[in-house]
Every structure is written in C-alpha cells, then in structure tokens.
Amino acid sequence: MKKLLLLILPLSLFTSSHAQEQYEINFYPGTGAYIETIHTPEAHWAVFQNMIWKIDRVTNELNTYHISKLITNLEQFAYRNFTDAIALEDGRALFFTSGSHYLFFEDGQFRIETNSQLFYPVIHAYEEGQLTMSISHGSKVATFDLATEYL
C-alpha cells in the first residue's frame, strides 16, 4: 500500500499545477532510486522509482520515460540506479547511475555512455563546462569535462 501511495502521490502534485508555476516536487525516502528535481529553461526533470519525468514549463505536459525500456540484457541492469543528475544550459539533462553509466537526455532521446571510472558519482560543483564530483563511494574526487565527456 505504501509503494502505491508513493507512486500516486507525486502524480497528484502535477494535476493541480498551472502552466508557468514553479513546481515543488518532493520525494519521500523509500527503497527505489530517486533524486531531487532539476530544472532546465524548458522543463523540470526528476527521477523517481527508475522513471525519468519531464514536465514542460509552458504547456504543463508530463512525459515519463521508464528506464526498463533501455534494458535489453542483464549487463545493462545498472542503468536503473541513479546517483545524481544535472540540467545543462543547452537544455540537456545528464543522469549518472551507480554502475559506470551516464545518460544524456536531449530532444526526447536518450544517449547512453559508459565510463568505468564513474562508479557511484555525486556532483559537487559545476563550473565552466566541468563537473567536480566524487566517485567510488566518495573515495576519489574527479573532474568530468562536458565537452569531451572525459574524466
């Protein structure tokens, strides 16, 4: 019952919202992977229970993209465990997973990349096209260049 409530409650937050409003999306502790809301000029983005949600700021349209659609074999199962995300000025959203994968989401399309050094990344700062992040459960600090996508 609690899991059903956790899935329904966030959707109810969207139904009463009006276009142009700032969205307040709260995530409640649970067993699923979740991150806080991130924002782009065009949309609000969120991840909850392995689902990427995109709420258009102007039309208030909600689009959902379930991560299971990306999983085609067992090696890709790590795509579902998100650790952090960031919205970029160019309208893209970048989602990091716990298993050395990261997903760029742009124009309704996923682009999935792998970097074996990106193990449990957490973003600490974004400056001049670079992310400063901790990796390997916080045991290392690294810089991720968004232009080259190299650590």
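As the structure is a prediction and not an experimental result, all values here were calculated from the model.

**A short note on the sheet that holds strand S1 (residues 38-39)**
Sheet strands line up and pair through hydrogen bonds in the backbone, either parallel or antiparallel.
Moving on, step 1. The four strands are arranged S1-S2-S3-S4 in an open sheet whose pairing can be described as antiparallel. Edge positions in the sheet fall to S1 and strand S4 (62-66), since each of these pairs with one other strand and no more.
Moving on, step 2. Two elements, strand S2 (residues 43-48) and strand S3 (residues 51-56), share six bridges in a ladder whose sense is antiparallel. In the strand pairing of S3, Trp-45 is matched with Lys-54.

**Regarding the environment of Phe-105**
Moving on, step 1. Turning to its location among the elements, Phe-105 is positioned in strand S7 (residues 99-106).
Moving on, step 2. When its relative accessible area of 1% is taken as the criterion, Phe-105 is described as buried.
Moving on, step 3. When the C-alpha positions of Phe-105 and Ala-93 are compared, they lie 5.2 Å apart, and in sequence the two are twelve residues distant.
Moving on, step 4. With residues near it in sequence (within four places) discarded, Phe-105 still touches Trp-45, Tyr-65, Arg-92, Ala-93, Phe-95 and Phe-110.

**Quick notes on the pairing of S7**
Moving on, step 1. Counted residue by residue, S7 has seven buried out of eight residues, so it is predominantly covered.
Moving on, step 2. The turn linking strand S6 (residues 93-97) back onto S7 is made up of one residue.
Moving on, step 3. Pairing of S7 with strand S8 (residues 109-119) involves seven bridges; the strand directions are antiparallel. Along S8, the bridge assignment pairs His-101 with Thr-114.
Moving on, step 4. The loop that links S7 with its antiparallel partner S8 comprises two residues; one of these, Asp-107, has a positive phi angle of about 50°.

**Regarding the packing of aromatic side chains**
Moving on, step 1. Taken as a whole, this structure holds eleven aromatic pairs when the rule is applied.
Moving on, step 2. Ring geometry for Phe-96 versus Tyr-102: centroids 6.0 Å apart, planes at 40°, classification tilted.
Moving on, step 3. Under the relative-accessibility criterion, Phe-96 is labelled buried at 0%.
Moving on, step 4. Looking at Tyr-102, the relative accessible area reads 3%, which means it is buried.
Moving on, step 5. Taken together, Trp-45, Tyr-65, Phe-82, Phe-95, Phe-105 and Phe-110 form an aromatic cluster joined through their ring pairs.

**Some thoughts on the sheet that holds S8**
Moving on, step 1. An order of S5-S6-S7-S8 is seen for the four strands of this open sheet, with the pairing classed as antiparallel. Edge strands, defined here as strands with exactly one partner in the open sheet, are strand S5 (82-87) and S8. Across the sheet, the mean angle from the axis of one strand to that of its neighbour is 20°, orientation sign disregarded.

Rules and cut-offs
Residues numbered from 1 in each chain as written. Predicted model: local features only at pLDDT ≥ 70, side-chain atom pairs only at ≥ 80, totals over all residues. Heavy atoms only, no water. Pairing = 2+ DSSP bridges. Helix = DSSP H or I, 4+ residues; strand = E, 2+ residues; numbered from the N terminus. Buried < 20%, exposed > 50% of the residue type's maximum accessible area, 1.4 Å probe, protein only. Contact = heavy atoms within 4.5 Å. Phe/Tyr/Trp six-rings, centres within 6.5 Å; stacked < 30°, edge-to-face > 60°. Axes fitted to C-alpha atoms, helices over the stretch in contact; angles between N-to-C directions.

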